[in-house]
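Commentary on secondary and tertiary structure
Each chain is listed here by its residues.
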Amino acid sequence: MMLRSLSQRLALLALILFGLSAPANAQLQLRIGGGAFQPMPIAITDFGGDASLGLLVSSVVTNNLRRSGYFTPLDKAKFPESPGFDAVPGFEKWRSAGVQALVTGRVGRDASGKLKVEFRLWDVTSGQQMTGQQYGTDPANARRTGHLISDAVYSKITGLGGWFDSRIAFVDESGSKENRRKRLMVMDQDGANVRALTGGEASVVAPRYSPATQDIAYMTQTSGQQPRIQVINLETGTRQAIGRMDSMSTSPRFSPDGRRLVMSVQQGGNADIVAMDLASKSQTPITNGNAIDTSPTFSPDGSKIVFESDRGGSQQVYVMGADGSNPTRISFGEGSASQPAWSPRGDLIAFTRQRKGSFAICVMKPDGSGERVLTEGFHNEGPTFAPNGQYVLFFRDPGGEGGGKLYMVDITGKVEQPVPTPSYASDPTWSPLLAGR
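Please read these numbers as outputs of a predicted model, since none were measured by experiment.

1. Concerning the sheet that holds strand β7 (residues 167-174)
- Spatially, β9-β8-β7-β30 is the arrangement adopted by the four strands of the open sheet, whose pairing is antiparallel. Every interior strand has two partners, whereas the edge strands, β9 (195-196) and β30 (424-430), have only one.
- Where strand β8 (residues 181-188) meets β9, two bridges bridge the pair, whose relative direction is antiparallel. Residue M185 lies in a different strand from β9, and its bridge partner there is A196.

2. Notes on the packing of aromatic side chains
- Evaluation of the coordinates by the stated rule reveals 13 aromatic pairs.
- On the numbers, 6.4 Å between centres and 80° between planes, the contact of Y154 with W163 is edge-to-face. Each of the two residues, Y154 as well as W163, counts as buried.
- Through a chain of ring-to-ring contacts, three or more aromatic side chains come together here, namely Y70, F71, Y154, W163, F164, Y391 and W430.

3. Digging into the pairing of strand β14 (residues 248-254)
- By the criterion of burial, β14 is predominantly enclosed, with six of the seven residues buried.
- Judged from the five bridges that link them, β14 and strand β15 (residues 260-267) form a sheet pairing that is antiparallel. Among the inter-strand pairings, T250 is bridged to a residue of β15, identified as S264.
- Counting the residues in the hairpin turn of β14 and β15 gives five residues, including G258, whose phi is positive at 75°.

4. Thoughts on the pairing of strand β12 (residues 228-233)
- Burial runs high along β12: five of the six residues are buried.
- Pairing of strand β11 (residues 215-221) with β12 involves six bridges; the strand directions are antiparallel. When the bridges of β12 are listed, A217 appears paired with V231.
- Pairing between β12 and strand β13 (residues 239-242): four bridges, direction antiparallel. For V231, the partnering residue across the bridge sits in β13 and is Q240.
- Taking the residues that link successive antiparallel strands as the turn, the β12-β13 hairpin has five residues, and the phi of G237 there is positive, at about 80°.

5. Structural notes on the packing of helix α3 (residues 51-68) against helix α5 (residues 142-158)
- Here α3 crosses α5 at 45°, and the two axes come no closer than 8 Å. What the angle tells us is that α3 and α5 run oblique. Crossing geometry of α3 relative to α5 is assigned as right-handed. Between α3, through L53, L56, V57, V60, V61, N64, L65 and S68, and α5, the contact on the second element is made entirely by A142, R143, T145, G146, H147, I149, S150, V153 and Y154.
- Tallied by class, residues from the contact of α3 with α5 come to ten nonpolar, six polar and one charged.

The rules behind the values
- Residues numbered from 1 in each chain as written.
- Predicted model: local features only at pLDDT ≥ 70, side-chain atom pairs only at ≥ 80, totals over all residues.
- Heavy atoms only, no water.
- Pairing = 2+ DSSP bridges.
- Helix = DSSP H or I, 4+ residues; strand = E, 2+ residues; numbered from the N terminus.
- Phe/Tyr/Trp six-rings, centres within 6.5 Å; stacked < 30°, edge-to-face > 60°.
- Buried < 20%, exposed > 50% of the residue type's maximum accessible area, 1.4 Å probe, protein only.
- Axes fitted to C-alpha atoms, helices over the stretch in contact; angles between N-to-C directions.
- Parallel < 35°, antiparallel > 145°, perpendicular 65-115°, else oblique.
- Left-handed = near helix turned anticlockwise from the far one by under 90°.
- Contact = heavy atoms within 4.5 Å.
- Nonpolar A, V, L, I, M, F, W, Y, C, P; charged D, E, K, R; others polar.

So far we have only geometry, and geometry alone does not tell us how the molecule works.
See the structure below:
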């Protein structure tokens, strides 16, 4: 029995994504969690109204959905028609073209010059509108409306949260291997609107976005000086140095509410995890032992911390209470495990596994079960989750005189895409969604 509408068929996509069983009478086009994965055919028409801005917005939507790996946008040369925004599409024509979903839109301006962007998502099988929305904004934000529309379409069809309206901060690397300049940069998730946050006078490593604010914490070091943690606010441009001058602080991570930092503080041959209240600057020790504890990251609800430690003889991943109670090793198997990152959904922890000269980006459940390799090779590091928890961003360095590049892989391991940057890049961190912030 055929399902009567696209929405009925795609309601089952979430079941496939998480490995659950679908009803026996369902015929599903997408099989992301199975063997052969077929992205969904979709068409995004050129948005009418203002021709140049309409083309810009529809192009952003097209590129976003294609990069997600879950959709195959139809080539414009194969469009059977160019439907107006107020007209009902010729659904039989689009069905004949193999399309299951159709996006139409319009971009206009009001008397004050403010931009009005509208879109509609159509279920081609049933001939019904699935969703539609209107956005009012400054013309300078035209690209961002494309990201908002992409999120609306992606979420409606997949049932997953959006991630296109977000940014990525990373370390931009330029120059020779022996004299490489490392600057902190930020850009839209698709590589547009790149801007430098530091000038390269001091090297930058390990930036991390706050889950709640537009703050980024990172470690910086000037030649001959002790490394320091700094926090920069992207809205105001203000910066503050964190930690004590007589000790080395590394691996800063924000609490879910953005009010605290956890970091690794080194004194002597050991490194312990410390929490700092950003308002009062008061510090609270979390671990205290003869080991190197580093890379702490809060769970989304703030009740636990995942971190890496060599307390068992090699680098492995541990989980403990946010107060340091009951530390428990959760990574096992061949090789070492490091750089843990907790998914915003709370269901997975991503990490880097090193074994036999190979570096794999892996995920596992918070109790250590269900470990899976998403991608493996030389040299993959630094996992960070998308706002919806469905993709993991990391950097890959092939070695030699070159440098790293950014990539993203979905949590099924079926989709892997390069992320464009101006030059070599490392240490990525994904922002929360910008909407509502």
